[in-house]
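Structural description and commentary
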Amino acid sequence: MKFSKVLFIFISIFFSFTKAQELPKEKYYQFSYYHDFKYNNDSITLTVRNPLFAPLRVNIFSDYLKDENIINDTIRVTINENSEGKFRLPAKKLDGAKFNFSFNSAFGDDKKIIKQNDLALPFPKGKMYRIMQSDNGGFSHDSDYSRYAIDFDMKIGDTVTSADDGFVVGVIKDYKYGKEDKQWTPYANYITLYHPHSGLFTQYVHLKKDGSLVKVGDSVKRNQPIGLSGATGFVSGEHLHFNVLIPEKDKSVPFTFENNISSLSLKKNMQIKNPK
């Protein structure tokens, strides 16, 4: 092989590798919702539309309205699934050009009583996978949001299945790369499901690019294929990160799989098989 050809291949590999390590320039979100306000000289009408088949908690804040003593602090509202909420505030003689509303949201009604039930393993029946990281794992399961998550050593392209009946309320599918660097935490592909009968949310994280087989709004059944495993975001290797959340501060909680397998009993390097 000629030297010039070898050099060309080396340069191509080098730049491909370098590009793969760059943080994505675009940030994606797992769902979107409509929020806006209208001002008519004596009142402000805030409108929030929840398109999801799950309750949505929305926080609304304005520095200007607080300075004008119209609000004391953040306005916190819960919008029921697939519905709209309107809220009116007095606003006489305010300068509408100074309104600076910020909106942020979180899944679920934190007043709903959670009724946990056994979940299906998040991969097809007959398959067996090793536990890469269990609850309270020091690599990435060290926060309230991920404390009781379980990582399975699924390879890129392996099938991910739903742990229970529910609705798809979040999908990110457009990231391509991952890296063992916490800066990459926000850049993982994943699916979020809501399970109305229990009040739980389940998440399936680090999916491959375009690795979602479902979209927001879809109804899913227990054991249904929903995605393809990958290695996007903050990872040390290809795997599936499975997490169970409740609305209270979006907190990770312990759970139980079928056949009385407690998530707390799963330890690193254990082999778990999903019986046929």
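As a reminder, the structure under discussion sits directly above these lines.
Quick look at the structure, then. In this text the structure is predicted, and so the values were computed from the model without any measurement. (Residues numbered from 1 in each chain as written. Predicted model: local features only at pLDDT ≥ 70, side-chain atom pairs only at ≥ 80, totals over all residues. Heavy atoms only, no water.)

Description of the side chain of Asp151
In this fold, Asp151 is placed in strand β8 (residues 150-152). At 9.8 Å, Lys268 is the nearest oppositely charged side chain to Asp151, a buried residue that forms no salt bridge. A distance of 3.0 Å separates a polar atom in the side chain of Asp151 from a polar atom in the side chain of His241. Ignoring anything within four residues of it in the chain, the contact list for Asp151 reads Arg130, Ile131, Met132, Gln133, His141, His239, Leu240, His241 and Phe242. (Helix = DSSP H or I, 4+ residues; strand = E, 2+ residues; numbered from the N terminus. Buried < 20%, exposed > 50% of the residue type's maximum accessible area, 1.4 Å probe, protein only. Lys, Arg positive; Asp, Glu negative; His and termini not counted. Salt bridge = Lys/Arg side-chain N within 4 Å of Asp/Glu carboxyl O. Polar contact = N/O pair within 3.5 Å; in protein donor to acceptor, adjacent residues only side chain to side chain. Contact = heavy atoms within 4.5 Å.)

Regarding the sheet that holds strand β4 (residues 75-79)
Overall, antiparallel pairing links the 3 strands, which are arranged β4-β3-β6 in an open sheet. With one partner strand each, in any of the chains shown, β4 and β6 (102-107) form the two edges of the open sheet. Geometrically, the sheet is characterised by an average inter-axis angle of 25° between neighbouring strands, direction not taken into account. Bridge count for strand β3 (residues 56-61) against β6 is 6 bridges, and the pairing is antiparallel. (Pairing = 2+ DSSP bridges. Axes fitted to C-alpha atoms, helices over the stretch in contact; angles between N-to-C directions.)

Things to note about the pattern of salt bridges
Evaluation of the coordinates by the stated rule reveals 17 salt bridges. A salt bridge links Glu258 to Lys125; the shortest N-O distance between them is 4.0 Å. With Glu258 in the loop between β19 (256-257) and β20 (261-262) and Lys125 in the loop between β6 and β7 (128-133), this residue pair connects regions lying 133 residues apart in the sequence. The residue Asp164 makes a salt bridge to Arg222 at a minimum N-O spacing of 2.9 Å. Here the residue Asp164 occupies a position in the loop between β9 (159-161) and β10 (166-172), and Arg222 occupies one in the loop between β14 (219-220) and β15 (225-228), the gap between them amounting to 58 residues. Ionic contacts of the salt-bridge type, sharing partners, join the residues Arg57, Asp110, Lys111 and Asp250 into one network.

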